[in-house]
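Working through the structure, step by step
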Amino acid sequence: MRFIHMADVHLGAVPDSGCPWSAFRENEIWETFVRVIDQIREEKIELLLIAGDLFHRQPLPSQTERVSQLFASIPDTEVVWMAGSHDYLREDSAYRKVKWTKNVHGFLSEKPEVISLEKLHTKVYGCSYEHPEVTEAIYSSIRPEDQPGIHILLAYGGDETHIPMKKEDGAGFDYVALGYRHIPGVLVENQMAYAGSPEPIRLEETGTHGVVYGEITEDEQGQYHTQITLVPCACRSYIPLSLRIHSGTTQAALEQKVQDAIAQKGSEDIYWLRIQGYRNPELEFELEALRAYGNIVKITDETRPCYDLNRLKREKLGTKIGAYIHWFEKKQGKVEQKALDYGLQALLAEDGDEREVLSEKITAWKEKKQELRKERESRSAVVEQTMHRIMRERSGLEQQLLVNGSEIRRLELNRNATEKHLEQERREEGKRQAEESRQPKSEQPLNPERSVAEQPVQTRKAVGGKERKLLDIPKIPKISEIFTWTGIVLAILILIDPFSWNRAVCTVLGLVILTGTLMGRMYLVNWLRTRDSMAVQRTVVRDEPEQKEDTEQEELQKDWEERLKERKKELRQISHQILRLQERGVHLATEAEEKKIQTENLQEEIRELSCPTWEEESCDMEISGLKLALTVLTEEESIRHVGDRSERKEKEETLSNQIHCQ
């Protein structure tokens, strides 16, 4: 099984705040994490272990959602994570609210747990931080189960305030993945290691940074063997750059040295520049000008004026300078060294009183410290303004959330009232239909005053739903046709006179029959039509009340259906409005929660900015050395006394040497 062990990613951190490259560093930390995920996908790594501090501070919901999407992009890789001291699990932590995919497993308590990965035949043991500090030795009580398979311990800490741990705590595990220390380190070869941070975030985190690539194999006896390798992945490194100078080095020569050294090592890295050696006592370097040649986050001037103290002591024996050198002979602290250098520089100066020179230097360093303090306070003020702005935005979001909730409640009440009203209308409609079904149909008498001729042409629906005219009766043309053709045939036979009757009589008789036939046909047609019309009139008069009643029922039913459609449409609109407001409420709540976490993170940053920087501490060191030099030079009597004693001692040693020679 192949795995990658990473820790202390610190997503969201902004290293080297205030430096020109700090904004890029925040993005580079994310880019490195994404690059590791891409590598896992390409190489089809089976297991990813994250040993704490995935985030630099309490994660925002948007950040955990982004990480969740990255983990979802490697569905074939099992991911096991734990929270460390920086991103510890609070009750409202975004870790608890994000919807992780099936391949992601996390420890959600300070109590030890076991996560079983059946597909990999692996069990991962561990817990998460629920507080910034945990002093209990939790890992000493965790032991692997006596079951076949791979057993891994995921741990974070190692000092008194972050779960104290010993090497023996990893006994029995096939691998112990450690977090908390940002510099990689192996405690037990191929078994117990700190992965370190993939990207360094502090000046002290020098050296190679990356992730641990490991592979666990099983031999023929069923024993597991682990091999691990540190794979570099950092975009930049912190490099301590020491440059030695001599008394002949000028400002231009020093700048050229810095430029050449950074070009040789790499312009993308970040440097801690340390200038060592001896300088010309009359020369003071402009250190800030060196920052133009690379990403220099810190400059330490460790040079000393190139005084020959033994020669000065011999030449200035019995003077204030000799006594001053003698006073510092057995004092080797940093403050004493600075006091010696500053004091000699002031004593050897020819342009004024040494105490005035030292006082001016103290004032200059105090002014520099004040400027640094003001700059730090200015950054703190900007952060505080940002925090107050975010607090106002959060207050506005909470107000919008309240208004949104009130609107949702109003719409829900409106929807409930509409549903009740609709249900009431349904009951009333049901009652009306039931009453109509129980009432008999009314019958209206025929209208005798209305003549047949005045009756309009009526239509009605047949049983099958088809329509036809009542006068279109097939028997009328058939009867009239039969009657007509019979009369015509008789008239023709008589006119032909087949029986040799009197032609004149036959002619008259034939014409009479033909004329009677035609007139009889007309009379028959009129009679049949009159009889059928009377039947139609009786049917129409009898059906008029039923048709009227059916029409009224259809109109009522149509009106009810229209009202029902309007009510349903109104309910749908209200439901859609409620759904949109609920979605907006979720968005507002998430945004308000992010503002809350941002406020807390900014408060923590303000607390960090309240502490003096290393530059201010350097100023304090310089001021302390100057003050000590000024104090020693001010005590003239003690210096003279020391000088007299030194002179007497020198004379005694000289006399003793002469006697010894004789």
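Some points on the overall build of the chain
Helix and strand content of the chain: twelve helices and 18 strands. Buried positions account for 39% of the 662 residues belonging to the chain. Across the chain, every contact between residues at least 6 apart in sequence was considered, and the portion connecting residues at least 24 apart equals 72%. Accessible area of the chain: about 38600 Å², with a carbon and sulfur share of 51%.

So, the packing of helix 1 (residues 22–43) against helix 2 (residues 61–72)
Viewed as axis vectors pointing N to C, helix 1 and helix 2 meet at an angle of 25°, and their least axial separation amounts to 10 Å. As summarised for this structure, helix 1 and helix 2 are arranged roughly parallel, according to the angle between their axes. The two elements helix 1 and helix 2 cross, and the hand of that crossing is right-handed. Along the contact surface, helix 1 presents Trp30, Phe33, Val34 and Ile37, while helix 2 presents Gln63, Arg66, Val67, Leu70 and Phe71. Split by residue class, the contact of helix 1 with helix 2 holds seven nonpolar, one polar and one charged.

Observations regarding the side chain of Ser85
Mapped onto the elements, Ser85 comes out in the loop between strand 3 (78–82) and helix 3 (94–97). Overall, the relative accessible area of 11% leaves Ser85 in the buried class. Only 2.8 Å separates the side chain of Ser85 from the side chain of Tyr156, close enough to count as a polar contact. With sequence-adjacent residues up to four places away left out, Ser85 is seen in contact with Asp53, Tyr129, Pro132, Tyr156 and His162.

Re the sheet that holds strand 8 (residues 175–179)
Pairing is mixed in the open sheet, where six strands are placed in the order 5-6-7-8-10-9. The sheet terminates laterally at strand 5 (113–117) and strand 9 (185–188), the two strands that pair on one side only. Averaged over all pairs of adjacent strands, the angle between their axes in this sheet comes to 20°, without regard to strand direction. Across five bridges, the pairing between strand 5 and strand 6 (residues 122–126) is antiparallel. Within the sheet, the bridge partner assigned to Val114 lies in strand 6 and is Tyr125.

Side note on the pairing of strand 3
Within strand 3, five of the five residues are buried, which leaves the element mostly enclosed by the surrounding structure. Burial of strand 3 is two-sided: the residues Glu78, Val80 and Met82 facing one way and the residues Val79 and Trp81 facing the other way are all buried. As for the winding sense of the linkage, the β-α-β connection from strand 2 (residues 47–51) through helix 2 to strand 3 is right-handed. Sheet topology places strand 3 next to strand 4 (residues 104–106); three bridges connect them, and they run parallel. Counted as the bridge partner of Trp81 is Gly106 from strand 4.

As for unusual backbone geometry
Although it is not a glycine, His10 adopts a positive phi angle of roughly 60°. Relative to the elements of secondary structure, His10 occurs in the loop between strand 1 (2–6) and helix 1. With a phi angle near 55°, Asp16 is a residue other than glycine that sits in the positive phi range. The residue Asp16 is located in the loop between strand 1 and helix 1 in this model.

So, the sheet that holds strand 11 (residues 210–218)
The six strands lie next to each other as 4-3-2-1-11-12, forming an open sheet whose pairing is mixed. At either end of the open sheet lies a strand with only one pairing partner, and these are strand 4 and strand 12 (224–232). Direction aside, the axes of adjacent strands within the sheet are offset by 20° on average. Note that strand 11 and strand 12 share nine bridges and pair antiparallel. Across the sheet, the residue bridging to Tyr213 is Thr229, located in strand 12. Lying over the sheet, helix 1 contacts strand 1, strand 2 and strand 11, oriented at roughly 175° with respect to strand 1.

What counts, and at which threshold
- Residues numbered from 1 in each chain as written.
- Predicted model: local features only at pLDDT ≥ 70, side-chain atom pairs only at ≥ 80, totals over all residues.
- Heavy atoms only, no water.
- Helix = DSSP H or I, 4+ residues; strand = E, 2+ residues; numbered from the N terminus.
- Buried < 20%, exposed > 50% of the residue type's maximum accessible area, 1.4 Å probe, protein only.
- Contact = heavy atoms within 4.5 Å.
- Areas by Shrake-Rupley, 256 points an atom, 1.4 Å probe, with all protein chains shown as cover.
- Axes fitted to C-alpha atoms, helices over the stretch in contact; angles between N-to-C directions.
- Parallel < 35°, antiparallel > 145°, perpendicular 65-115°, else oblique.
- Left-handed = near helix turned anticlockwise from the far one by under 90°.
- Nonpolar A, V, L, I, M, F, W, Y, C, P; charged D, E, K, R; others polar.
- Polar contact = N/O pair within 3.5 Å; in protein donor to acceptor, adjacent residues only side chain to side chain.
- Pairing = 2+ DSSP bridges.
- Right-handed = clockwise from strand over helix to strand, strands pointing away.

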